[in-house]
Amino acid sequence: SLLLSPHPLRFVPTDGESHFNRGNALDQLGRHDEAAASFGAVLKITPGDEAAAYNLGNSLKALGKTDEALGVYRYALKRQQSGDGANPREPATHANIGYTLDAAGRYGEAIGAFQASLALLPTDASVHTGLGHALKSKGDMSAAADAYRKALSIEPTASAAYAGLGQALRTIDPKGAAAALALG
């Protein structure tokens with residue numbers, strides 16, 4: 001494909017948008033190392049491009065480079081918070097920090113990141129589910145169950161929230177868990 005070739009007809013090495021589009025295509029193909037390089041090239045051309053920083057964080061996370069991903073997400077977050085008014089990407093960046101920390105077993109930090117995301121966008125069921133997972137992993141089953149219930153109140157078909165709620169309730173009350181889930 002012309003977009004993925006290192007030398008496509010419309011690919012301009014000094015154009016950040018060319019690198020950005022190439023990075024998105026490569027990321028979709030699972031070629032995260034090459035995507036990270038493309039997003040890194042965008043940041044060399046336009047250092048303040050928070051969308052490129054956000055996508056670079058996603059690519060690094062997919063490569064298992066947790067600390068690098070967190071650094072880039074935090075850079076993107078700082079850029080997002082430096083503008084006037086609310087940035088629509090900010091809740092997602094907090095959430096991605098939370099997911100990355102959760103995957104690294106850093107549950108306390110993950111909880112804080114999820115809460116920061118939800119303070120900006122309280123209607124995101126997947127972030128409530130992520131918060132529930134971090135709370136459950138930290139051992140706070142009651143708060144985890146509450147987070148999962150909140151996710152389900154927003155998105156009643158969220159299977160991950162149902163699974164997490166079932167696990168939390170089973171830990172709290174093994175005999176009453178099934179009845180609690182059945183009653184909703």
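Peer 1: Help me get a handle on the pattern of salt bridges, residues and values and all.
Peer 2: One pass over the full model with this rule turns up 5 salt bridges. Of the charged contacts in the structure, one is a salt bridge between Asp 67 and Arg 106, with a shortest N-O distance of 3.4 Å. With Asp 67 in helix α4 (residues 66-81) and Arg 106 in the loop between α5 (90-103) and α6 (107-120), this pair connects stretches of sequence that are 39 residues apart. Looking at Asp 67, the relative accessible area reads 60%, which means it is exposed.

Peer 1: For the environment of Gly 30, give the residues involved together with the corresponding values.
Peer 2: If you trace the backbone, Gly 30 turns up in the loop between α1 (16-28) and α2 (32-45). Classification of Gly 30 by relative accessible area gives partly exposed; the value is 40%. The sequence separation of Gly 30 and Ala 62 amounts to 32 residues, and the corresponding C-alpha distance is 8.6 Å.

Peer 1: Tell me about the packing of α1 against α2, and name the residues and values.
Peer 2: Packed helix pairs are specified by the crossing angle of their axes together with the interaxial distance, meaning the distance between the axes. In contact at an axis separation of 8 Å, α1 and α2 are set at 160 degrees when each is read in the N-to-C sense. Judged on the interaxial angle alone, α2 and α1 are roughly antiparallel. When you trace α1 past α2, the crossing you get is left-handed. Of the residues in α2, those in contact with Gly 16, His 19, Phe 20, Arg 22, Gly 23, Asn 24, Leu 26 and Asp 27 of α1 are His 32, Glu 34, Ala 35, Ser 38, Phe 39, Ala 41, Val 42 and Ile 45.

Peer 1: Give me the lowdown on the side chain of His 128, citing residues and values where you can.
Peer 2: With respect to the helices and strands, His 128 occurs in helix α7 (residues 125-138). Setting aside residues up to four positions removed in sequence, His 128 forms contacts with Leu 118, Pro 122, Ala 147, Lys 150, Ala 151 and Ile 154.

Rules of the game
Residues numbered from 1 in each chain as written. Predicted model: local features only at pLDDT ≥ 70, side-chain atom pairs only at ≥ 80, totals over all residues. Heavy atoms only, no water. Salt bridge = Lys/Arg side-chain N within 4 Å of Asp/Glu carboxyl O. Helix = DSSP H or I, 4+ residues; strand = E, 2+ residues; numbered from the N terminus. Buried < 20%, exposed > 50% of the residue type's maximum accessible area, 1.4 Å probe, protein only. Axes fitted to C-alpha atoms, helices over the stretch in contact; angles between N-to-C directions. Parallel < 35°, antiparallel > 145°, perpendicular 65-115°, else oblique. Left-handed = near helix turned anticlockwise from the far one by under 90°. Contact = heavy atoms within 4.5 Å.

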